[in-house]
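Okay, here's what each chain looks like letter by letter:
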Amino acid sequence: MPKQKRQLNKKIMTAKSSSSPHHHIQRGTGAVMRIVMFACIPGIALQTFFFGYGILIQVLLAMATAVIAEATILELRKKPVEHALKDCSALVAGLLLAICLPPLAPWWIVVIGTCFAVVIVKQLYGGLGYNLFNPAMAAYVMLLISFPVQMTSWLPPAVLAEQTIGLKDTVYIILTGYTSNGYNLDQLRVAADGLTMATPLDHVKTALTQNLTVEEAINSEIFRGSSGIGWSLVALGYLIGGLALLKLKIINWHIPLSMIMGAVLCASLLYLIDNSIYPGPWFHIVNGSLIVGAFFIATDPVSASTTNNGRLIFGFAIGMWTIIIRTFGNYPDAIAFSVILMNMAVPLIDYYTRPRTYGHKVKAKSISKE
Amino acid sequence: MSVFADFDTIMERLASQRLWDFPGGVRPEGQKALSNKHAIETMPIPQKLFIPLKQHIGVDADLVVKVGDYVKRGQALTESHNPFALPVHASSSGTIIEIAPKASSHPSGIEELTVVIETDGKDDTVQYHPISDYLNQPHSALIEAICKAGISGMGGAGFPTHVKSSNVKPIEFLIINGVECEPYISADDRLMREHAWQIRQGIDILAHLLSPKQVLIAVEDNKPEALKTISIACQQQTNYQVISIPTKYPAGGEKQLIQVLTSREVPSDGLPIDVGCLMYNVGTCYAISDAIIEGKPLTERVVTVTGKALSQPKNIWARIGTPVADCISAAGYDRDRQVNPNIIMGGPMMGFTLRSGQCPIIKTTNCLLAPAAKELPTIEQEKPCIRCSACADACPVSLLPQQLFWYSKSKDYDVAEEYNLFDCIECGACAYVCPSEIPLVHYYRMAKADIRQQQLDKEKSEKARIRFESRKARLLAEKKAREEKHRQAAAARKNAMKSDGSNAKDKIAAALARAKAKKAQQATIDKSANDKSGNDQLASNQSVTNNPEQTPANTKENTPDKNEKIAAAIARAKAKKAQQKMSSDIPLEKSAESNEQVTDNNNNQSGNALSKKEKIAAAVARAKAKKAAQQKNNDS
């Protein structure tokens, strides 16, 4: 018995000591990122249904580019490659960029954009966790400024298009600019009535410049009610995914809710001022990328505020800026600009919104003294 | 500023079982069923007991036993009058075979002076002194008894119980903590189920000592049996209320439990007493009851020995000092179920890995956990923080762990402190939820240790700086004072010079007069000196006459003649020599000296008249005389 005990002692002696806690929840960064990607599926599926296979090709291209770019830059930075790829953060960045691009944008748009997002915006700032800006949105802004034509060539919903294209032609047009029958993108963008289609937001904006009222503008074929055909359902798809993320506690409610509130408040205010030139809040929610922005883009943990109060401010400001830029700016959508703008304000917001720590700034007034 | 609920509001809410909540917290799987199914077992007496002298927060007591002593169970091994010292006791009878530093049951594994007892199996006890009528005893006697029993908080921190109980501030709530929120541990659960009555007695003693307005006994709602037994035990007392607490880690933390029960927050730089609360663990209450009613010092405690690497997880009564290896082998430890040997003392959230199986059970040990290979997830590698703030959502004290991590890692300690690093209770909820598997608490501990070290260094260098600066200031002041003095003197001189001419002339005249006067004086002195030398000569002659060995030639003439003088000197010297020879065999140096002095005086007095040669001769004689005297001295 004593001998056995000695052996036991010796065995325990060799144990590697580690620090508490010894218990750990079983959900790593990689799992979190994968859940985010799964949550995009309903939105992407609806986008495919309404606007064709383009989005799928873009997503695949972006993800492949993201992995290659990440591996290359990690190799150059002499960092462990496999380890970093496992966290799937590059895949998410690529995916989020791809779902914001026009479905038939040429391949080099998505490749340049993804490389920019992964290499410049993320890795050159120090890699995962160190980037100041949301990689997908920074890349989107870069692309929009550099290639405005390609970045604004949206397709009409399939139901309105003069001709719809299959998977093969989609691949052709993204890679070569022409379908197998020789149609180019501009021809595909023509709707059944012979007019080139725009996104609902663009449509209203153009209409307003022609001195039409909002009411007249949305009285167009691409709208059904006040929402663009397809667009509102795509937004719904992302809303479902976003709610799933909330339920799984991948994201907190603060940013999505405050961002939508910010947009609604700002839009309502403008609407009340003059409802003939400013569309109402509902229009802003269902058209454009407010929902995907609120649940998937602005909630990027690395570049968002990390305190709960800070998140409320961060989200609210993004919502507000989105409406302001949409209304008074010249770009088709404003999520990317608003997010980048607020990314810059994060350190300041975080500093001033620290929660009150237990036992600090408390008044012991109620304690009775006998 | 948030304001706390007052006593009546709290009582109202508690009456309707509405509690408050603390922010954050996590809900790991309890795993208590592994060990809480069976009654607490008694371990056989271990062959050797390793009893560290310090098992609590505070200071060591002084050793009162030595190697070779025979000790009985309950005999104090240490003693002290320091209020923060607690005695430790022999937990069985036997012989002390060693007193040496041994690996301690402490996260650092640092060596602690430990008494090793080889037990004899008789388990003889010392005579216990119960205080059964404690209601009629002065508080000080009870507190002393608690101190002598060596009781420290048994929930984890190990704060000396008698110190906590010597409180004089008014208390609204005496809170008894039976929450035991950490997974796996069921020691308090079993204790409450099996010994609710003793716990109640302990609570009675505390209530008598502290006279709180209300006693709240909090038990987590995942321990229904314990809730029931403790409720039955306490039902006669009107101001005792047993409260079921929703299960959430770390609801059993002192600060969190106070918040849940009363909505109050212990100030960051304060103590629970500052919000009218005092908290004791149920195990401590049991030990207090033992110490007062039975007179038994703290020599054993309930320890949960659990984990899936054990074939019979259970709760045991373990004597303080029992080696961990004994406990886990009693529960059927199977080495093969673990990849690396791994024994955790404490629970999975706040426990620490033991360095050795020899580490003893101490007063604060509530659990030994031996997890099987895949039972607790292995942390592979720390990944970058993605600032998801899952940690902030889990933090029970509303810190921002992601920011603290950032500043701790970059050693930006000033900012880390600004983010309230020292309010972290190290509960581990943040690291538990972290998707990047960052050992956050480890970073905070390192940062805290670094900051403490820096503060020590700073204090030291501050002292040195003050010393240096005060020295510099002193030197400067001295220099200035000197300069000032010089300046004043110079100014005085200048003033004197500047003052009107007549005055100056007077001064010159005065100086001249002074010089003249001096000269005149000198002349008179010379004259008188000559006269004196004459007289001296006469005197010397007279003295010579008195001497029996005198030479008649000396007396012939008074006129100072060269040859005669030499002769006289020689004669004097000779006379002296003779005198010395004649004097007793114990001539003191002093007497020799005084003789010399006499001679010197003679010489000096006559010096003015004597020429050089004579002087030399005299000196030679003197030297000789001296030498002779010295020799004599040496001889003697």
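The numbers attached to residues start from 1 for each chain and follow its sequence in the written order. Chain labels run from A onward and ligand labels from 1 onward, assigned in the order the entries are written. Thresholds applied to this predicted model are a pLDDT of at least 70 for local features of residues and 80 or more for the giving and counting of side-chain atom pairs; totals over whole chains, interfaces and linings are not thresholded and use all residues. Just so you know, side-chain values use all the structure's heavy atoms and leave hydrogens and water out.

## Section: the overall build of chain B
Test applied: Each helix is a run of DSSP H or I of at least 4 residues and each strand a run of E of at least 2, with the numbering of both proceeding from the N terminus. Between buried and exposed lies partly exposed: a residue is buried under 20% and exposed over 50% of the maximum accessible area for its type, with that area taken using a 1.4 Å probe on protein chains only. Areas reported here follow the Shrake-Rupley algorithm with a probe of radius 1.4 Å; residue values treat only the protein chains shown as occluding.
A count of helical and extended segments in chain B gives 19 helices and 17 strands. Every one of the 636 residues in chain B was classed for burial, and the buried ones make up 48%. In the structure as shown, chain B presents an accessible area of about 31700 Å², 53% of it carried by carbon and sulfur atoms.

## Observations concerning the environment of D87 of chain A
Residue and element names in this part refer to chain A. As a reminder, the rule being used: For this analysis, residues touch if any pair of their heavy atoms sits within 4.5 Å. Polar contact criterion, stated in full: a pair of N or O atoms within 3.5 Å, where within protein one must be able to donate a hydrogen and the other to accept it, and residues adjacent in sequence count only if both atoms are side-chain atoms.
As for its position among the elements, D87 is in the loop between α5 (81–85) and α6 (89–98). The spacing of D87 and G28 is 59 residues in sequence and 8.1 Å in space, taken between C-alpha atoms. When neighbours within four sequence positions are excluded, D87 is seen to be in contact with T29, G30, M33 and L128. Within polar-contact distance, the side chain of D87 engages the side chain of S89 at 2.8 Å.

## Observations regarding the side chain of T179 of chain A
All names here are of chain A. Structurally, T179 is set in the loop between α10 (167–176) and α11 (185–188). On the accessibility criterion, T179 (5% relative accessible area) is buried. With residues near it in sequence (within four places) discarded, T179 still touches I165, D169, Y172, I173 and L188.

## A look at the sheet that holds strand β5 (residues 70–71) of chain B
Note the cut-off: We call two strands paired when DSSP finds no fewer than two bridges between them.
With respect to topology, four strands assemble into an open sheet ordered β3-β8-β7-β5 (chain B), the strand pairing being antiparallel. This sheet does not close on itself; its edge strands, each paired only once, are β3 (48–52) and β5 of chain B.

## Side note on unusual backbone geometry
P21 of chain A follows S20 of chain A through a cis peptide bond whose omega is -5 degrees. With omega at -5 degrees, the peptide bond leading from Y249 of chain B into P250 of chain B counts as cis. Positionally, P250 of chain B belongs in the loop between β11 (240–245) and α7 (254–262). Residues other than glycine seldom take positive phi values, yet Y184 of chain B does so here, at roughly 75 degrees.

## So, the packing of aromatic side chains
Note on aromatic pairs: each is described by the distance of the centres and the angle between the planes. Our working definition: A pair of aromatic rings is counted whenever rings of Phe, Tyr or Trp (Trp by its six-membered ring) have centres within 6.5 Å, and the orientation is called stacked for planes under 30 degrees apart, edge-to-face for over 60 and tilted otherwise.
In total, this model carries 14 aromatic pairs over all chains according to the counting rule given. An angle of 85 degrees between the planes, with centres 5.1 Å apart, marks the rings of Y351 of chain A and Y352 of chain A as edge-to-face. For Y351 of chain A, a relative accessible area of 35% gives the class partly exposed. Looking at Y352 of chain A, the relative accessible area reads 65%, which means it is exposed. Judged by centre distance (6.4 Å) and plane angle (75 degrees), the rings of F84 of chain B and F159 of chain B are edge-to-face. Here the residue F84 of chain B occupies a position in the loop between β6 (78–79) and β7 (94–103), and F159 of chain B occupies one in the loop between α2 (139–148) and α3 (161–165), the gap between them amounting to 75 residues. On the basis of relative accessibility, which here comes to 37%, the residue F84 of chain B falls in the partly exposed class. For F159 of chain B, a relative accessible area of 33% translates into the label partly exposed. Here the aromatic residues F51, W154 and W231 of chain A are joined through ring pairs into a cluster of three or more.

## Here's the deal with the pairing of strand β14 (residues 314–319) of chain B
All names here are of chain B. Summarising burial for β14: six of the six residues are buried, a large majority. Neither face of β14 is open: one carries K314, I316 and A318, the other N315, W317 and R319, and all of them are buried. Two strands pair when backbone bridges link them, and strand β13 (residues 300–306) and β14 are joined in this way by six bridges, in the antiparallel orientation. Counted as the bridge partner of V305 is K314 from β14.

## Observations regarding the domain arrangement of chain B
Residue and element names in this part refer to chain B. Note the following rule: Where a domain begins and ends is set by an automatic assignment or by a domain database. When two components associate, each loses some accessible surface as probed by a 1.4 Å sphere; the sum of these losses over both components is called the buried area. Each residue receives one of three labels: charged for Asp, Glu, Lys and Arg, nonpolar for Ala, Val, Leu, Ile, Met, Phe, Trp, Tyr, Cys and Pro, and polar for the others, Gly being one of them.
As far as domains go, chain B holds domain 1 (7–15 + 34–369), domain 2 (388–501) and domain 3 (533–601 + 609–635). Taken together, the contacts link seven residues of domain 1 with nine residues of domain 2. When domain 1 packs against domain 2, the two sides together hide about 660 Å² of surface, and 56% of this comes from carbon and sulfur. A per-residue breakdown of the area domain 1 buries against domain 2 is headed by Q256, M349 and M350, which together make up 54% of the total. At the surface where domain 1 touches domain 2, the tally comes to two residue pairs in polar contact (both at pLDDT 80 or more). Taken together, the residues of the side of domain 1 that touches domain 2 sort by class into four nonpolar, two polar and one charged.

## Section: empty space enclosed by the protein
Under the convention used in this document: Only protein atoms enter the 1 Å grid used here. Points where a 1.4 Å probe fits but cannot escape make up a cavity, open sets with protein on both sides within 12 Å along at least five of seven lines make up a pocket, and a residue lines them when an atom lies within 4 Å of a point. Grid points are joined across faces, edges and corners, and a volume is the space filled by probe spheres set on the points.
Enumeration over the complete set of coordinates arrives at six cavities of 30 Å³ or more. As a volume, the largest cavity reaches approximately 410 Å³. Lining the largest cavity we find 24 residues, and of these W154, W231, G288, S289 and D333 of chain A sit closest to its centre. Of all the elements in the fold, those that place two or more residues in the lining of the largest cavity are α3 (41–51), α8 (135–146), α12 (200–209), α14 (231–247), α17 (290–297) and α19 (335–352) of chain A. With four residues, α14 of chain A is the single largest residue contributor to the lining of the largest cavity. For the lining of the largest cavity, the per-class residue count stands at 18 nonpolar, four polar and two charged. Looking at the second largest cavity, its volume works out to about 170 Å³. Along the walls of the second largest cavity sit 16 residues, with Y286, L298, E300, R301 and W317 of chain B positioned nearest its centre. At the level of secondary structure, the elements contributing two or more residues to the lining of the second largest cavity comprise α4 (187–194), α8 (282–294) and β13 of chain B. A total of four residues in the lining of the second largest cavity trace back to one element, the largest contributor, which is α8 of chain B. When grouped by side-chain class, the residues that make up the lining of the second largest cavity number eight nonpolar, two polar and six charged.

## What about the side chain of H195 of chain B?
Along the chain, the position of H195 of chain B falls in the loop between α4 and α5 (196–210). With residues near it in sequence (within four places) discarded, H195 of chain B still touches I40, Y286 and W317 of chain B.

## Quick notes on a nonpolar patch on the surface
Residues and elements named next belong to chain A. Put simply, the rule reads: The patches described consist of residues with a relative accessible area above 30% and no salt bridge, like charges being joined within 9 Å and nonpolar side chains (Val, Leu, Ile, Met, Phe, Trp, Tyr) within 5 Å. What counts as a salt bridge is simple: a side-chain nitrogen of Lys or Arg found within 4 Å of a carboxyl oxygen of Asp or Glu.
A cluster of nonpolar side chains, contributed by W253, L257, M261, L265, L312 and F316, occupies part of the molecular surface with about 540 Å² of accessible area. Those elements that provide at least two residues to the nonpolar patch are α15 (254–273) and α18 (308–328). Of the residues forming the nonpolar patch, the biggest block, three residues, is contributed by α15. Relative accessible area serves as the criterion here: at 41%, M261 is assigned to the partly exposed category.

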